[in-house]
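Spelled out, the chains give:
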Amino acid sequence: MKKDFYNQVLGHQTGITLGSELLRDVLIPSLVGNNDDIMYWAGKLLARKLLLATDNDLRLFFEYAGWGTLTHTKSKKEEHTFELSGEPVKVRFGATEKPDFQLEAGFIAETFQLHSNFTTEAKVEKTDEKNDVVTINVIIDSHAPVQPESTDVEPFSMIEFDKIQKEAQKVDSDKED
């Protein structure tokens, strides 16, 4: 992965693409079967490769990745609840008989684990197809510390990136006026 991976990928319009949906909901399940564990561990791997600077960057990452709108709905010391919604979720519910959201759950779990240095797992608790909402619970086990992996991946701040993007759009908009 190139050092400017985020800037290259995020500089383009985001959203649901046919290619990613074909890979995720058609090709991968055809190759490996409907094994939720693979997508969960793939999400964890992505979080290690695309290290976010803080847990707060998750919401923007999900938007830019075209995974949907991630809302942090509940927070306790060792438990967090998120809701995933929006057009990408609606499309996946409409296009796939039983879409899984294990990739997203794995990504959230690993992001929290990398920042807390405690074993963290996430579970899709509920899928509400009627309202196009997925509920994901995150559990941090503060009795099970993990050793941080040494990595040459620089943490990326989605919040800072988004701020720069909005400023650039404002400048472009001002030039047009």
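Everything discussed here concerns the structure shown above.
Since the model is a prediction, treat every value here as computed from it, not as a measurement.

Draft legend 1. Here's a closer look at the packing of helix α4 (residues 58–65) against helix α7 (residues 158–176). The geometry of α4 relative to α7 is characterised by a closest axis approach of 8 Å and an angle of 60° between their N-to-C directions. Accordingly, the angle class assigned to the pair α4 and α7 is oblique. Residues Leu60, Phe61 and Tyr64 of α4 lie in contact with α7, whose contacting residues are Met158, Ile159, Phe161, Asp162 and Gln165. Residues of the contact of α4 with α7, tallied by class, amount to 6 nonpolar, 1 polar and 1 charged.

Draft legend 2. Fine view of the pairing of strand β2 (residues 79–85). Sheet topology note: the strand β1 (residues 69–75)/β2 ladder contains 6 bridges and is antiparallel. Residue pairing in the sheet places Leu70 in a bridge with Leu84 of β2. Linkage of β1 to β2, two consecutive antiparallel strands, is achieved through a turn of 3 residues.

Draft legend 3. Representation of the sheet that holds strand β3 (residues 118–128). What the 4 strands build is an open sheet, ordered β1-β2-β4-β3; its pairing is antiparallel. Across the chains shown, the open sheet's two edge strands, defined by having one partner strand only, are β1 and β3. In this sheet, adjacent strand axes meet at a mean angle of 25° when their direction is disregarded. Contacting β1, β2, β3 and β4 (133–145), helix α6 (residues 102–116) crosses the sheet at an angle of about 150° to β3.

Draft legend 4. Looking closely at the layout of surface pockets. The space that makes up the second largest pocket amounts to roughly 390 Å³. Around the second largest pocket, the lining is made up of 19 residues, and of these Asn34, Asp36, Lys98, Pro99 and Asp100 lie nearest the centre. For the lining of the second largest pocket, the secondary-structure elements that each account for two or more residues are α2 (18–32), α3 (36–49) and β3. The greatest single-element share of the lining of the second largest pocket, amounting to 5 residues, is contributed by α2. Class assignment of the residues belonging to the lining of the second largest pocket gives a composition of 7 nonpolar, 6 polar and 6 charged.

Cut-off values and rules
- Residues numbered from 1 in each chain as written.
- Predicted model: local features only at pLDDT ≥ 70, side-chain atom pairs only at ≥ 80, totals over all residues.
- Heavy atoms only, no water.
- Axes fitted to C-alpha atoms, helices over the stretch in contact; angles between N-to-C directions.
- Helix = DSSP H or I, 4+ residues; strand = E, 2+ residues; numbered from the N terminus.
- Parallel < 35°, antiparallel > 145°, perpendicular 65-115°, else oblique.
- Contact = heavy atoms within 4.5 Å.
- Nonpolar A, V, L, I, M, F, W, Y, C, P; charged D, E, K, R; others polar.
- Pairing = 2+ DSSP bridges.
- 1 Å grid on protein atoms, 1.4 Å probe; cavity = no way out; pocket = protein on both sides within 12 Å on 5 of 7 lines; lining within 4 Å.
- Points joined across faces, edges and corners; volume = space filled by probe spheres on them.

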